[in-house]
Amino acid sequence: MYESFYRFTGKPFQLSPDPEFFFGSRGHRRAMAYLEYGLHQAEGFIVVTGEVGAGKTTLVQQLLRRLPANDIVPVQIVTTQLEAEDLVRIVASSFGLPTDDTNDKSTLLIRLEQYLHKLHGEGKRALLIVDEAQNLGARTIEELRMLSNFQAGTKAILQSFLLGQPELRDLMQRPEMRQLKQRIIAAYHLGPLDRAETQQYIEFRLAHVGWEGDPAFAESAFDRIFAVTQGIPRRINTLVDRLLLAGFLGEKHRFEESDVAEIAAELKMELGPQRQFAAATAGDADQAETAGTAGAALPRSIAPGARQAGTTEDETAPASMSALEERVALLESTTGMIFATLKKVLRILRSRGTDHRRDAA
């Protein structure tokens, strides 16, 4: 919607991972180096962890684009709460093997091993990428370790990458994970962008769609974006995408810190008191950064009739009323934005229709 207003060739801040927008921050370059090192070793496990939205999936997609198509056969699975018995079936299915309900686990393992040996005979090797691996139970991870035992002579014929949220690191510290940890040849935690990288990230994505300085961003706007999002790429995408939409509706060609703070406050109301927008309304960017990093507590909405420990009924009622007023304000804001958007689109269509009639005349 705002793309034509700012003369972009596409949408720069979509939420879905896109390797075309891969930004090589210091952390992402190091993580990529670990993945490529793991590929070179051709065995064991590589573990990459990071917060939600840190860019793990985009990192892997970028890696897959670099892989020699004739040498490595990669498959990627996204796990939920898989049982150990289901893992073998999903892995086999991901490699294109038949997995009807009549096949028991031993049959699937035989098929999978035969397939892996066939790839090895063709000079290829299999790469299994497990995303959201923090959801795996201990027995399921042990099943993954057993799959890594497939060998042709002294060479492993299946290698695995585990990607997950920070909880995966805690899982790996359990005593029952000792054997798997011995198979891990490299592990890396993908942290957030710093202040300079946050600005570079935004400008990189904008430049990728033809940005030539319109809209402009004040330095203080970048400061506030970093403070609010804590340098997490997906949070940056959410915030800047909404900022550009508001700029389109208000016909703005420059964003100040106050613009960012206003949009961040709207997002905080919409998404609730989540950590990523906890510091949206702080008066100072430095204070916002500190509050966001510490996960500052926010007032919680109190449901009608509910009472917090240590509060009286008279204290609870105003809090409940305040929460209701916030929701009403959010509804008014959202409705107003939709209405303004529709009016602007209609005005553009009318203008184009008038120009067309003039050209025809």
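Residues numbered from 1 in each chain as written. Predicted model: local features only at pLDDT ≥ 70, side-chain atom pairs only at ≥ 80, totals over all residues. Heavy atoms only, no water.

Asker: Explain the environment of Arg-7 here, please?
Answerer: Among the secondary structure elements, Arg-7 is positioned in the segment before α1 (26–41). With sequence-adjacent residues up to four places away left out, Arg-7 is seen in contact with Val-209 and Gly-210. (Helix = DSSP H or I, 4+ residues; strand = E, 2+ residues; numbered from the N terminus. Contact = heavy atoms within 4.5 Å.)

Asker: How do you make sense of the packing of aromatic side chains when you look at a structure like this?
Answerer: Two aromatic rings are characterised by how far apart their centres lie and by the angle between their planes. Applying the stated rule across the entire model yields ten aromatic pairs. Clustering of aromatic rings is evident, with ring pairs tying together Tyr-2, Phe-5, Tyr-6, Phe-8 and Phe-248. (Phe/Tyr/Trp six-rings, centres within 6.5 Å; stacked < 30°, edge-to-face > 60°.)

Asker: How do you make sense of the packing of helix α3 (residues 84–94) against helix α5 (residues 138–147) when you look at a structure like this?
Answerer: Between two packed helices, what matters for the description is the angle formed by their axes and the separation of those axes. In the contact formed by α3 and α5, the axes pass within 8 Å of each other and the chain directions differ by 45°. Our classification of the angle between α3 and α5 gives oblique. Remark: the crossing between α3 and α5 carries right-handed chirality. Residues Ala-84, Glu-85, Leu-87, Val-88 and Val-91 of α3 touch α5, and the partners they reach there are Arg-139, Thr-140, Glu-143, Leu-144 and Leu-147. (Axes fitted to C-alpha atoms, helices over the stretch in contact; angles between N-to-C directions. Parallel < 35°, antiparallel > 145°, perpendicular 65-115°, else oblique. Left-handed = near helix turned anticlockwise from the far one by under 90°.)

Asker: What exactly am I supposed to notice about the sheet that holds strand β7 (residues 184–190) here?
Answerer: Picture the strands of a sheet paired through backbone hydrogen bonds; they go either parallel or antiparallel. With parallel pairing, the five strands of this open sheet are ordered in space as β2-β3-β6-β1-β7. This sheet does not close on itself; its edge strands, each paired only once, are β2 (72–78) and β7. Strand-to-strand, the axes of this sheet are offset by a mean angle of 15°, without reference to chain direction. Pairing between strand β1 (residues 45–50) and β7: six bridges, direction parallel. Its bridge partner lying in β7, Gly-50 is registered against Leu-190. (Pairing = 2+ DSSP bridges.)

Asker: How should the side chain of Glu-3 be read in this particular structure?
Answerer: Looking at the element boundaries, Glu-3 is found in the segment before α1. At 5.7 Å, Lys-11 is the nearest oppositely charged side chain to Glu-3, a buried residue that forms no salt bridge. Not counting residues up to four positions away in its chain, the partners in contact with Glu-3 are Phe-8, Gly-10 and Lys-11. (Buried < 20%, exposed > 50% of the residue type's maximum accessible area, 1.4 Å probe, protein only. Lys, Arg positive; Asp, Glu negative; His and termini not counted. Salt bridge = Lys/Arg side-chain N within 4 Å of Asp/Glu carboxyl O.)

Asker: Where do I start with the nonpolar core in this structure?
Answerer: What tends to happen in soluble globular proteins is that the nonpolar side chains get buried as a cluster. Of all hydrophobic cores here, the largest spans 32 residues; its most connected members are Leu-144 and Leu-162. For this core, the elements supplying multiple residues, two or more each, are β1, β2, α3, α4 (105–121), β3 (125–131), α5, β6 (158–164) and α6 (167–172). For this core, the element with the highest residue contribution is α4, accounting for four residues. Sequence-distant contacts of Leu-144, that is, excluding residues within four places in its chain, are made with Phe-45, Leu-87, Leu-128, Val-130, Leu-136 and Leu-162. (Core = buried A, V, L, I, M, F, W, Y, C linked by side-chain atoms within 4.5 Å.)

Asker: Would you mind showing me how to read the packing of α1 against helix α2 (residues 56–66) here?
Answerer: Contact geometry of α1 with α2 gives a least axis separation of 11 Å together with a crossing angle of 45°. One element, α1, and the other, α2, form an angle in the oblique class. For the element pair α1 and α2, the recorded crossing hand is right-handed. Of α2, the residues touching α1 (which contributes His-28, Ala-31, Met-32, Leu-35, Glu-36 and Leu-39) are Leu-59, Gln-62, Leu-63 and Arg-66. Looking at side-chain class alone, the contact of α1 with α2 contains six nonpolar, two polar and two charged residues. (Nonpolar A, V, L, I, M, F, W, Y, C, P; charged D, E, K, R; others polar.)

Asker: Just to check I follow, could you spell out the side chain of Ser-160 for this structure?
Answerer: Relative to the helices and strands, Ser-160 resides in strand β6. Among the residues examined, Ser-160 registers a relative accessible area of 2% and is labelled buried. Every residue in contact with Ser-160, bar those within four places of it in the chain, is listed here: Gly-44, Phe-45, Ile-46 and Leu-128.

Asker: Would you mind going over the pairing of β3 with me for this structure?
Answerer: Moving residue by residue along a regular strand, the side chains alternate between the two faces of the sheet. Of all the seven residues making up β3, six are buried; the element is thus mostly covered by neighbouring parts of the structure. Bridge analysis of β2 against β3 gives seven bridges, and the strand direction is parallel. What sits directly across from Gln-76, in β3, is Ile-129. Note: β3 against β6, five bridges, orientation parallel. Each residue of the ladder has a partner; that of Leu-127, found in β6, is Gln-159.

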